[in-house]
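Read off the chains here:
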Amino acid sequence: MGETDERLLALIAQNNAAAVEAMVERKLPRLIRLATRMLGDRGEAEDVAQETFLRIWRAAPGWRAGEAKFDTWLHRVALNLCYDRLRRRRETPVAELPDRPDERPGAEADMLAADDQHQVRRALAELPERQREAILLQYYQELSNSDAAEVMGISIEALESLLSRARRQLRSRLGRDRDEMT
């Protein structure tokens, strides 16, 4: 289905199953990537994506094309659901399972790559909320500056300032981590 998002929403409002399928196929991968990066957990990310789609179905009948960009609204809904989950996590601490060694060939290289990814995730998690959101929207979700600024409800200049500060903090944090490892 080569329909626009707005046209798909109109069809979804009419309970068109093909439109639902097309919307899920079009938006699910990006939603899961965003939520996984925010939450660090694929299962939780899938739950967020599912809840986001439920909100799409509920909003479809009342959607007024031209008042807001659908992608902007979609990202904002997903981010808000992620922040809700992150707040709940802080309220309910969870014990981590102990690490087990991996004995398969190539495990050391995999472990080093995973450690690099862990360092980046940790550095991102330590950023202030708005800086992390700006980085995720622009670099990981590949939104333009204007679209990312719109999702965040700020000016392009404010977004660029957040990105600049976030990149500086990430460089500093990742540099410190490397120095500590050597």
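Thresholds, definitions, all that
- Residues numbered from 1 in each chain as written.
- Predicted model: local features only at pLDDT ≥ 70, side-chain atom pairs only at ≥ 80, totals over all residues.
- Heavy atoms only, no water.
- Helix = DSSP H or I, 4+ residues; strand = E, 2+ residues; numbered from the N terminus.
- Buried < 20%, exposed > 50% of the residue type's maximum accessible area, 1.4 Å probe, protein only.
- Contact = heavy atoms within 4.5 Å.
- Areas by Shrake-Rupley, 256 points an atom, 1.4 Å probe, with all protein chains shown as cover.
- Axes fitted to C-alpha atoms, helices over the stretch in contact; angles between N-to-C directions.
- Parallel < 35°, antiparallel > 145°, perpendicular 65-115°, else oblique.
- Left-handed = near helix turned anticlockwise from the far one by under 90°.
- Nonpolar A, V, L, I, M, F, W, Y, C, P; charged D, E, K, R; others polar.
- Phe/Tyr/Trp six-rings, centres within 6.5 Å; stacked < 30°, edge-to-face > 60°.
- Arc of directions from axis to C-beta.
- Patch = residues over 30% accessible without salt bridge, like charges linked within 9 Å, V, L, I, M, F, W, Y side chains within 5 Å.
- Salt bridge = Lys/Arg side-chain N within 4 Å of Asp/Glu carboxyl O.
- Lys, Arg positive; Asp, Glu negative; His and termini not counted.
- Charge placed at Lys NZ, Arg CZ, Asp CG, Glu CD.
- Expected span 1.5 Å × (residues − 1).

1. Some details on the overall build of the chain
Item 1. Along its length, the chain carries eight helices and zero strands.
Item 2. When the helices and strands of the chain are placed in sequence order, the string is α-α-α-α-α-α-α-α.
Item 3. Expressed as a percentage of its 182 residues, the buried residues of the chain come to 35%.
Item 4. Within the chain, counting contacts between residues at least 6 apart in sequence, those at least 24 apart form 61% of the total.
Item 5. Accessible surface, the chain: about 11,300 Å² in total, of which carbon and sulfur atoms supply 50%.

2. With respect to the packing of helix H2 (residues 17-39) against helix H3 (residues 42-59)
Item 1. Interaxial distance between H2 and H3 falls to 8 Å at its minimum, and their mutual angle equals 135 degrees. The angle between H2 and H3 falls in the class oblique. The element H2 and its partner H3 pack so that their crossing is right-handed. Facing H2, whose interface residues are Val-20, Met-23, Val-24, Lys-27, Leu-28, Leu-31, Ile-32, Ala-35, Thr-36 and Leu-39, H3 presents Arg-42, Glu-44, Ala-45, Glu-46, Val-48, Ala-49, Thr-52, Phe-53 and Trp-57.
Item 2. Taken together, the residues of the contact of H2 with H3 break down into 13 nonpolar, two polar and four charged.

3. Structural notes on the side chain of Thr-72
Item 1. If you trace the backbone, Thr-72 turns up in helix H4 (residues 70-91).
Item 2. Once residues within four sequence positions are removed from consideration, Thr-72 is found in contact with Asp-147, Glu-150 and Val-151.

4. A word on the packing of aromatic side chains
What describes a pair of aromatic rings is the distance from one ring centre to the other and the angle between the planes of the rings.
Item 1. Tallying each qualifying case throughout the model produces four aromatic pairs.
Item 2. Both rings, one in Trp-63 and one in Phe-70, keep their centres 5.8 Å apart while their planes meet at 80 degrees; by these two values the pair is edge-to-face.
Item 3. With relative accessibility at 19%, the residue Trp-63 sits in the buried group.
Item 4. According to the relative accessible area criterion, Phe-70 is buried, its value standing at 1%.
Item 5. Counting every residue linked through ring pairs, the aromatic cluster contains Trp-63, Phe-70 and Trp-73.

5. So, helix H1 (residues 5-13)
Item 1. Looking only at H1, the buried set comprises Asp-5, Leu-8, Leu-9, Leu-11 and Ile-12. In a view along the axis of H1, the buried residues occupy a sector of 165 degrees, so they form one face of it.

6. A closer look at a positive patch on the surface
Item 1. A cluster of basic side chains, namely Arg-165, Arg-167, Arg-168 and Arg-171, defines a positive patch on the protein surface.
Item 2. Tracing the sequence through the fold places Arg-167 in helix H8 (residues 156-181).
Item 3. The exposure class assigned to Arg-167 is partly exposed, which follows from its relative accessible area of 31%.

7. Details of helix H6 (residues 129-140)
Since the α-helix turns once every 3.6 residues, residues separated by three or four places project in the same direction.
Item 1. For H6, with 12 residues, the first-to-last C-alpha span of 15 Å sits near the 16 Å given by 1.5 Å per residue.
Item 2. Where H6 is concerned, the buried positions are Gln-131, Arg-132, Glu-133, Ala-134, Ile-135, Leu-136, Leu-137 and Gln-138.
Item 3. Just downstream of H6 lies Glu-142, where phi reads positive at about 60 degrees.

All we've got here are geometric facts, nothing functional implied.
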